[in-house]
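# Secondary and tertiary structure notes
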Amino acid sequence: MKGVRWLWTGLTLAAACALLSGCWDLTEVNRSALLTGVAVEPGKNGRHRVTFEVLNAAGAMPSQGQGSGVPTVLYTVEGNSIADTASRLNENVERLMMPSHVRVIVIDERTARKGLNAFIDLVQRSRYVREDVLLLIAKDVPASDMLQVLSPGGIYASWKIQSQVENFRKEWGGVPLSRLFDYTQAILVEGRDLTLGAITVIGNVKANDKGRSFQSAIPQSNVKIAGAAVFRDDRLIGYLSIYETRILNLIRGELEQTGVAFPLPNHEGHASVRVNRAHTHVRVAMKNGLPYIRLRIEGEGQLNSLDADLPVHKVEGFQALEQALSEYMREQTLQMIGRVQRQYGVDVFGFGEHLYRHRYREFQPIRKEWNALFAKAKVEASVKFVITGSELKNRSIRKQQ
Amino acid sequence: MTFGDTDDLALVSLRFCGKEGLLCYFTTLTSASFMMNYVIQPLAQASDDLAGEDATALLKEVRERCLSGLSSELSDQLHVLPMKLGRGYAALFAEGARDCLLVDVKELVTRSVEEPTSQNVIRGPKEGFTESAATNMSLIRRRIVTDKLRFERYEIGEKTRTEVYLAYIEEEADEEVLRQVREQVRSCRMVSLFDSGSLESLFRPRGYWLFPTVYNSERPDSVCSCLLDKRIAVIVGGSPFVLIVPAIFRDFFQSPEDHYQWFLVGLFARLLRYVAFLLSLVVPSLYVAITSYHQELIPTILLTSIAAQREGIPFPAVIEILLMEAAFEILREAGTRMPRLVGQAISIAGALVLGEAAVQAGIVSNINVIVVALTVISSYVAPVYTFGSNIRIFRYGLILLASFTGLYGVILGCAVLMIHLSRMETFGVPYMSPLSRMLGGKTP
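Please read all numbers here as calculations on a predicted model, not as lab measurements.

## Description of the overall build of chain A
From N to C terminus, chain A includes 14 helices and 13 strands. The contacts in chain A between residues at least 6 apart in sequence include a share of 71% that link residues at least 24 apart.

## Looking at the overall build of chain B
Counting secondary structure elements, chain B contains 14 helices and 12 strands. Computed over C-alpha atoms, the radius of gyration of chain B comes to 29 Å, more than 25% over the 22 Å expected from 2.2 N^0.38 for 444 residues, which places it beyond the range of a compact globule. Overall, the C-alpha framework of chain B stretches about 105 × 55 × 40 Å when taken along its three principal axes. In chain B, which comprises 444 residues, the proportion classed as buried is 35%.

## Remarks on the sheet that holds strand β9 (residues 232-236) of chain B
All names here are of chain B. The antiparallel open sheet is built from 5 strands, whose spatial order is β6-β7-β9-β10-β8. Among the strands making up the open sheet, the edge pair consists of β6 (149-156) and β8 (215-217). Adjacent strand axes in the sheet meet at a mean angle of 25 degrees when their direction is disregarded. Relative to strand β10 (residues 242-245), β9 runs antiparallel, the two being bridged by 3 bridges. Pairing of V234 across the sheet is with L243, part of β10. Across the sheet, helix α4 (residues 133-141) lies against β6, β7 (162-169), β9 and β10, angled at about 10 degrees from β7, the strand it touches most. Contacts from helix α6 (residues 220-228) reach β7, β8, β9 and β10 within the one sheet, and its direction differs from that of β7 by about 55 degrees.

## Topic: the domain arrangement of chain B
Entries for chain B in the domain assignment read domain 1 (9-104), domain 2 (133-247) and domain 3 (262-438). Computed from C-alpha coordinates alone, the two centres of domain 1 of chain B and domain 2 of chain B are separated by 35 Å.

## A word on the sheet that holds strand β3 (residues 72-75) of chain B
Residue and element names in this part refer to chain B. Read from one edge of the open sheet, 5 strands run β1-β2-β4-β5-β3, paired in antiparallel fashion. What marks the edges here is a single partner per strand, and that holds for β1 (9-16) and β3. The average angle at which neighbouring strand axes cross in this sheet is 20 degrees, direction not considered. Bridge analysis of β1 against strand β2 (residues 19-26) gives 8 bridges, and the strand direction is antiparallel. Note that in β2 the partner of V12 across the bridge is L23. Together, β1, β4 (89-94) and β5 (100-104) form the strand contacts of helix α1 (residues 32-45), whose direction differs from that of β1 by roughly 20 degrees. Helix-sheet contacts for helix α2 (residues 55-65) involve β2, β3, β4 and β5, and the interaxial angle to β3 is about 170 degrees.

## Focus on helix α8 (residues 180-188) of chain A
All names here are of chain A. Every buried residue of α8 is accounted for by D182, Y183 and A186. Around the axis of α8, the buried residues are gathered within 105 degrees of arc, so they sit on the same side. Those residues of α8 that are buried are in contact with α5 (117-125), β6 (134-138) and β7 (195-203).

## Comments concerning the interface of chain B and chain A
Facing the 22 residues of chain B at the interface are 26 residues of chain A. For the side of chain B that touches chain A, the secondary-structure elements that each account for two or more residues are α8 (263-293), α9 (300-310) and α13 (385-405) of chain B. Examining the composition of the side of chain B that touches chain A, we find that 9 residues originate from one element, α9(B), more than from any other. Of the residues contributing to the side of chain B that touches chain A, the split by class is 10 nonpolar, 9 polar and 3 charged.

## Quick notes on the UniProt feature "transmembrane region" (unreviewed entry) in chain B
Annotation from UniProt places "transmembrane region" (unreviewed entry) at residues 232-253, 274-293, 343-363, 369-387 and 399-421 of chain B. As annotated, residues 232-253 of chain B comprises 0% helix and 41% strand, and the C-alpha atoms at either end are separated by 19 Å.

## Let's talk about the pairing of strand β10 (residues 258-263) of chain A
All names here are of chain A. Relative to strand β11 (residues 270-287), β10 runs antiparallel, the two being bridged by 6 bridges. Counted as the bridge partner of V260 is V273 from β11. Linking β10 to β11, which pair antiparallel, is a turn of 6 residues; within it N266 sits at a positive phi near 65 degrees.

## Overview of the UniProt feature "domain: Spore germination GerAC-like C-terminal" (unreviewed entry) in chain A
As annotated in UniProt, the feature "domain: Spore germination GerAC-like C-terminal" (unreviewed entry) corresponds to residues 227-389 of chain A in the numbering used here. For residues 227-389 of chain A, helix accounts for 38% and strand for 40%, while the C-alpha atoms at its two ends are 30 Å apart.

## Remarks on the packing of α8(B) against helix α14 (residues 407-423) of chain B
Residues and elements named next belong to chain B. At their nearest, the axes of α8 and α14 sit 8 Å apart, and the two run at 155 degrees to each other. One finds that α8 runs roughly antiparallel with respect to α14. Taking contact as the criterion, the partners of V282, S285, L286, A289 and Y293 in α8 are, on α14, L407, G409, V410 and C414. Of the residues in the contact of α8 with α14, the class split is 7 nonpolar, 2 polar and no charged.

## What about the domain arrangement of chain A?
Residues and elements named next belong to chain A. If you check the domain split of chain A, you get domain 1 (28-240) and domain 2 (251-401). Between the C-alpha centres of domain 1 and domain 2 the distance comes to 33 Å. Mapped by element, the contributors of at least two residues to the side of domain 1 that touches domain 2 are α7 (157-171), β8 (221-232) and β9 (235-240).

## A word on the environment of A112(A)
All names here are of chain A. Position of A112 relative to the elements: it lies in helix α4 (residues 109-114). Assessed through the 24 C-beta atoms surrounding it within 10 Å, A112 is described here as buried. Separated by 263 residues in the primary sequence, A112 and A375 place their C-alpha atoms 23 Å from one another.

## A look at the packing of α8(B) against α13(B)
All names here are of chain B. Packing of α8 against α13 brings their axes to within 8 Å, and their N-to-C directions diverge by 20 degrees. When the interaxial angle is binned, α8 and α13 end up roughly parallel. In this structure, the crossing between α8 and α13 has a hand that is right-handed. Facing α8, whose interface residues are F277, S280, L281, V282, P284, S285, V288 and A289, α13 presents I391, F394, R395, L398, I399, L401, A402 and S403. Residue composition of the contact of α8 with α13, by class: 12 nonpolar, 3 polar and 1 charged.

## Comments concerning the nonpolar core
Grouped together as the largest cluster of nonpolar side chains are 106 residues, with contacts concentrated most on I105(A), V106(A), I107(A), L136(A), M146(A) and A229(A). Top element by residues in this core is helix α11 (residues 315-344) of chain A. It accounts for 9 residues. Those residues in contact with I105(A) that lie beyond four places of it in its chain are V38(A), V123(A), V133(A), L134(A) and L135(A). Within the second largest apolar cluster, 68 residues are counted, among which are F249(B), A289(B), V364(B) and I399(B).

## Brief notes about the confidence of the model for chain B
Residues and elements named next belong to chain B. When pLDDT is averaged across chain B, the result is 85; 96% of the residues are at 70 or more. Per-element averaging of pLDDT across chain B places helix α11 (residues 343-360) at the bottom with 78 and β9 at the top with 94. As a predicted assembly, this complex carries a pTM of 0.82 together with an ipTM value of 0.80.

## Overview of α6(B)
All names here are of chain B. Burial of α6 is extensive: 7 of the 9 residues sit out of reach of the surface. Residues P220, D221, S222, V223, C224, C226 and L227 constitute the buried set of α6. On its buried face, α6 sits against α4, β7, β8, β9 and β10. Taken from the residues just after α6, K230 is the one with a positive phi, measuring 70 degrees.

## So, the environment of L116(A)
Residue and element names in this part refer to chain A. With respect to the helices and strands, L116 occurs in the loop between α4 and α5. Sequence separation between L116 and T85 is 31 residues; the distance between their C-alpha atoms is 17 Å. Beyond its immediate stretch of four places on either side in the chain, L116 contacts I107 and D234.

What counts, and where the lines are drawn
Residues numbered from 1 in each chain as written. Chains lettered and ligands numbered in written order. Predicted model: local features only at pLDDT ≥ 70, side-chain atom pairs only at ≥ 80, totals over all residues. Helix = DSSP H or I, 4+ residues; strand = E, 2+ residues; numbered from the N terminus. Contact = placed C-beta atoms within 7 Å. Rg over C-alpha atoms; globule rule 2.2 N^0.38 Å. Buried ≥ 20, exposed ≤ 12 C-beta atoms within 10 Å, placed from the backbone. Pairing = 2+ DSSP bridges. Axes fitted to C-alpha atoms, helices over the stretch in contact; angles between N-to-C directions. Domains from an automatic or database assignment. Arc of directions from axis to C-beta. Nonpolar A, V, L, I, M, F, W, Y, C, P; charged D, E, K, R; others polar. UniProt positions renumbered as here; feature names shortened; annotations may be inferred. Parallel < 35°, antiparallel > 145°, perpendicular 65-115°, else oblique. Left-handed = near helix turned anticlockwise from the far one by under 90°. Core = buried A, V, L, I, M, F, W, Y, C linked by C-beta atoms within 7 Å. pLDDT = per-residue confidence, 0-100.

Laid out in structure tokens, this is it:
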């Protein structure tokens, strides 16, 4: 008897839960659509023009064989703020939006020059947007063009961009860490300014309209990584090339691996080295009222290719190569830092942060004018690269005969 | 006679030692050759020099000289006669005697010892218990050669008078548990008892009926290892499943085979069973919860794939899952009950129509079929069938909870189960021991 009463109580409670809750926040996957990418650019009359990339799941998964068509559909909404456009998205789209899977937010350079804070605020507040969403700057072309580039195989633009940026950073280091998390960190930290990844489009985006991009082995248009965008506070002031960005990553200690092609002495062509490990020791001190920055860069790599007949079966050959590589990297580093000092005058490397951490009392009085001091700083670099091997061969094969 | 004119009652009048006698027995409980060889022939050949004495003394003489190989007794109490006859005794009346001689002539056709059907092993003994309690006891006795092994006989069932034996090892088994089991068995009032399954509820702790607390096995090696592990086995005549008490949560994930293999393989298999238990419990409810409420938890590409598959499916995820689960339950029930000959037809209908065709018709999605299949297969990993089938019930509860409260519901349901499990005790042993041992409970 007791069991029966227990059962009835349980059933009543369950029924009450089911009926009272009413599934208010239930979202069926097949009645909603994923928002995968956002592009922000200036619109008319000072309004924002926001392009949303909405996933067409059946098209993005051609292997399922059920649906077909394009993987994503782009909708453009104009509004006074990004939040305004996002909340009015159903003005154009028939499905509920799931904003939790945004991969990429592309910002037009015209918008970025006016400052990012206004709408990053929205992104940071939202509990749906992840901390690792990519924030990228569209260089030279409207931001919405980025999302129009189609690739075959169901790979939609934001997926392509994310994967491309991520792989390029890991394999070569030509783009800085550019997640929402990195933005927040750079804004809050003392003595370092923001850099974000920059991308651009080559070719003719409009050619995609006729679907020709899918028919040809040569893409009609493609997204290309342009390096890093440099900010003063939250305003865009300029760009660094991918080579300069690599040095930036090296100094920040964020370079995972890269490939360096450097000229051989006596104009004998080039040699290239795959660098697997690189590290920079930074020392910053104040001397006579100016920062004195010393860098000790160390790296290790394998010889990839060699144009000239250097004796790489002996120690001397390696030593000569190491010296040439180290010298080349030292020049590049000093040149790059010099350009940032002269042209932008913002410390994107985090030298100020280093001073803040190691000599807080010295940094405290100059924190307001740090960027100005950085521009006048004296920089020294000592570079030591080690070449640990030459892969399967030592001397080039034609010289061995 | 109380038996009326039932056809299988044999009343054989015979003459032995110069006296008229009447032999009565049930032909259905013995065989004609047995009667002929061991009872009637020795009686007929008994020499006449016993004649002339007192009839009761004659019966005694006959019992000692002619039927000494059979278990027999002299009785003057006629009221025990119907019960004795029903047990396979033959009664011999002699002219002028007050007593009658009861001889055990039972010879029944029993199934021979075969391989167990519901608890298979690849490596290990292939003998299984049968329906005969005597055979089952013999299977145990021949494995445990100790003078401490005890069998205690009880009878349960007003009509069936089913024999029930408690098996234990004296001085090993816990006296307190033994006392409780005896008491339960003695005080049990049932009209009929045909399988040990009906007896399980006797040993269930009050108020905790969600999980089984009695282990059952049809493998003698498994029962013997439990006996040596200080437990008590309950053998029920007519049932090849021997009960073992007390049983805790851990036991339902152990197979005797674990000990016959390399220890790492056994350990791995055991861990696998726990994982499969969890899978079969929560996978469908997690699927429902995550795809309807917490899409942000799924990696984008997986979500894209799920969304693409669910494109055009007319039902919400819950209904879809419940449909498939129900279809499978019906299939399973049909598969167990149907005659073996139509088995193929059912499996074709099940696999093709319900699985493949339902997906192609766009009624359910592929991923749903995968979820249900994974769940169902996982629930059969538990070595004891009854345990796996209990989980199914909780699974439906969790799916419903997930359908209207999402992950909170799943976690809530699991928490309730967990609380229930850790409060349970069976014969003074915490059900979750040795996990809950630190709270002061004792382990078996």
